[in-house]
Amino acid sequence: MRIEDVYIWDINAKWLGISPYQLMENAGAGVARTIEERFGKGLRIAVFSGTGNNGGDGFVAARHLSFENDVTLFLVGNEEKIRSEEAKHNWGILKKLDFVKIKVLKDSSYIKSLDLSGFDVIVDALLGAGTKGEPREPIRSAIEKINEYAGKAKIVSVDLPSGYPSSVRVKADVAVTFQWDKEEYEGFEHVIVKIGYPKELYHLVGPGDAKFALRKRGGHKGQNGKLLVIGGSEDYFGAPYLASKAASYLVDLVYLAMPEYSARRINDPNLILRPFGGRNFTKEDVEDVLAIADGVDAVVIGPGIGQRAETKEFILEFLRWSEKPVVIDADALKAVAEDLDVLKGKKFILTPHAGEFRILFGEKPDGSLEEKPKLVVEKAKAVGGTILLKGAYDIISDGKVWKYNKTGNRGMTTGGTGDVLAGLVGALLALGNSPLKAASAGAFLNGLAGDMVKEEVGENFTALDVAGKVPQAVKWVLEF
Ligand SMILES: NC(=O)C1=CN([C@@H]2O[C@H](COP(=O)(O)OP(=O)(O)OC[C@H]3O[C@@H](n4cnc5c(N)ncnc54)[C@H](O)[C@@H]3O)[C@@H](O)[C@H]2O)[C@@H](O)CC1
Ligand SMILES: [K+]
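Owing to the predicted nature of the structure, the values given are computational and were not obtained by experimental measurement.

1. Concerning the UniProt feature "binding site: K(+)" (unreviewed entry) in the chain
Part 1 of the reasoning: Listed under "binding site: K(+)" (unreviewed entry) in the UniProt record, and renumbered for this structure, are N54, D124 and S162. A stretch of 109 residues holds the annotated residues, and the largest C-alpha distance among them is 9.3 Å, short enough that they meet in one place. Lining the largest pocket, from the residues named above, are N54.
Part 2 of the reasoning: In this structure N54 touches D124, A125, L126, L127, G128, V158, D159 and S162, once residues within four positions along its chain are discounted.
Part 3 of the reasoning: Judged by relative accessible area, S162 falls into the buried class, the value being 0%.

2. Some remarks on the site of ligand 1
Part 1 of the reasoning: Around ligand 1 sit 25 residues, and of these N53, D57, G128, A129 and D159 come closest.
Part 2 of the reasoning: In this structure, a nitrogen atom belonging to ligand 1 sits 2.8 Å away from a main-chain N or O atom of K132.
Part 3 of the reasoning: Contact distances for ligand 1 include 3.2 Å between a nitrogen atom and a side-chain N or O atom of Y197.
Part 4 of the reasoning: Taken by itself ligand 1 offers 870 Å² of open surface, and the protein chains cover 81% of this.
Part 5 of the reasoning: In a pocket analysis with a 2 Å cut-off to the grid points, ligand 1 is assigned to the largest pocket.
Part 6 of the reasoning: Those elements that place two or more of their residues in the shell around ligand 1 are α2 (20–39) and α3 (53–66).

3. Describing the UniProt feature "binding site: AMP" (unreviewed entry) in the chain
Part 1 of the reasoning: Annotation from UniProt places "binding site: AMP" (unreviewed entry) at G418.
Part 2 of the reasoning: Considering the arrangement of structural elements, one finds G418 in helix α16 (residues 417–430).
Part 3 of the reasoning: Those residues in contact with G418, other than ones at most four positions away along the chain, are D329 and K390.

4. Structural notes on the packing of aromatic side chains
Part 1 of the reasoning: Taken as a whole, this structure holds 14 aromatic pairs when the rule is applied.
Part 2 of the reasoning: Between F59 and W91, the aromatic rings sit 5.2 Å apart at their centres with planes inclined by 45 degrees, giving tilted as the arrangement. A residue pair is termed long-range when its members are at least 10 positions apart, and F59 in helix α3 and W91 in helix α4 (residues 85–96) qualify at 32 residues.
Part 3 of the reasoning: What makes F59 buried here is its relative accessible area of 1%.
Part 4 of the reasoning: A network of ring pairs unites the aromatic residues F276, F281, F314 and F318 as a single cluster.
Part 5 of the reasoning: Directly above the aromatic system of F480 lies the positively charged group of K14, at a separation of 4.7 Å from the ring centroid.
Part 6 of the reasoning: Above the ring of Y261, the side-chain terminus of R279 is found at 4.2 Å from the ring centroid.

Reading the values: rules and limits
- Residues numbered from 1 in each chain as written.
- Chains lettered and ligands numbered in written order.
- Predicted model: local features only at pLDDT ≥ 70, side-chain atom pairs only at ≥ 80, totals over all residues.
- Heavy atoms only, no water.
- UniProt positions renumbered as here; feature names shortened; annotations may be inferred.
- 1 Å grid on protein atoms, 1.4 Å probe; cavity = no way out; pocket = protein on both sides within 12 Å on 5 of 7 lines; lining within 4 Å.
- Contact = heavy atoms within 4.5 Å.
- Buried < 20%, exposed > 50% of the residue type's maximum accessible area, 1.4 Å probe, protein only.
- Near = heavy atom within 4 Å.
- Polar contact = N/O pair within 3.5 Å; in protein donor to acceptor, adjacent residues only side chain to side chain.
- Areas by Shrake-Rupley, 256 points an atom, 1.4 Å probe, with all protein chains shown as cover.
- Sits in = over half its atoms within 2 Å of the grid points.
- Helix = DSSP H or I, 4+ residues; strand = E, 2+ residues; numbered from the N terminus.
- Phe/Tyr/Trp six-rings, centres within 6.5 Å; stacked < 30°, edge-to-face > 60°.
- Lys NZ or Arg CZ within 6 Å of the ring centre and 35° of its normal.

So this is what it looks like as structure tokens:
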């Protein structure tokens, strides 16, 4: 479990309607329960709270503990600095309680003079995951004061020993951390307390995944992704256009490589068109397309590219030589199905629907939300890449973990929404995301854009409408 994932899961939990009040209540209650289970009841307990949400957990713990213990709450810092609504709310409750003694400590020298020898347990809720840099005064003095009682009173830290990772930190007997063990936390005993996150958070893609995948990399043109889309044939020009169009909202530059014959129909100043001679891609084009690929961060290959034998040769040859992260979509999936070995050692995402999945792997994915992902994980592992299986629920796996996405609606069975998806996933790859994160966030955004179109016009819309809604979908995600 990484801190980065905690950030994503908090947002996704909010999306599911789990409020920060609920989480804080469960966190504080878990701390209190752990203390009573380990050390008994009828104790004299000092709770040291800071003004962040770690302190808020301390307020809740103090209330729970006060039922059967003698509790003193030390607020270290200024009451006006208590930041979040949920922490303020719990502070407000504490202030109404006559059986919890409250002391506000603003002055370091006063903290240094405190005598805590009457306490059996000291709860450390000064600083948690929001800590930046070395502890500053007056928190620092409070940490040092608590440490004077190490070995005398039991010291229980909330989430992590305050000060961590600095060496100026509380010498905790035990730290109560929430829901997941965090790999980064080393050097102290952890007790993990569940605070009400459901299993969905492991698997369900939400706005947190998209928000994280969309964060900006730099302020200069080209720093925020360059994508090459390779597609089109004498029969199709709309598919590569839709993929490029959708991608152009997310990355700085989109190159669109197409056979000249269909490229003529594209007239969009936002795309950098690279027409190739002839009506379809052939082996002759490989070298020149590779040269363009050299200058980009990621590639999408397949939309509208057709299934002619000479084009299949082109696709396989291109994939054999290209080193760029690549999204393999539509007809390119059928080409790859004939020679999965070209994918060896590459960074890639396959984006099949159920039928294409069967062509690739010889098995049709179906069954429950337990069985279907199993097959996707197995095949992703076997092929050494990431699979995004499209469906009412999209299923995504990198061979290790699996995710599913629920955004989208029936209107999206209209032709071309898969191309929009491929473009979005490619763009997110070009932004430097891992294939798993790019595929997850792309599926979410595509479905969300589709849901936003549905909201406006009902279920009869086109893929171009979906592509056009990408900016609003992105805005919604970033503001969530
Ligand atoms: N979903 C969540 O995010 C949950 C978070 N919870 C609690 O919330 C905590 C994180 O809360 P916050 O983000 O408010 O952060 P913290 O409570 O860890 O600390 C932030 C506060 O400390 C101050 N501060 C930061 N670095 C400092 C330093 N070096 N010296 C002195 N003061 C410093 C900041 O100005 C701010 O007021 C977690 O550790 C956990 O205890 C729990 O309520 C459970 C759910
Ligand atoms: K703490």
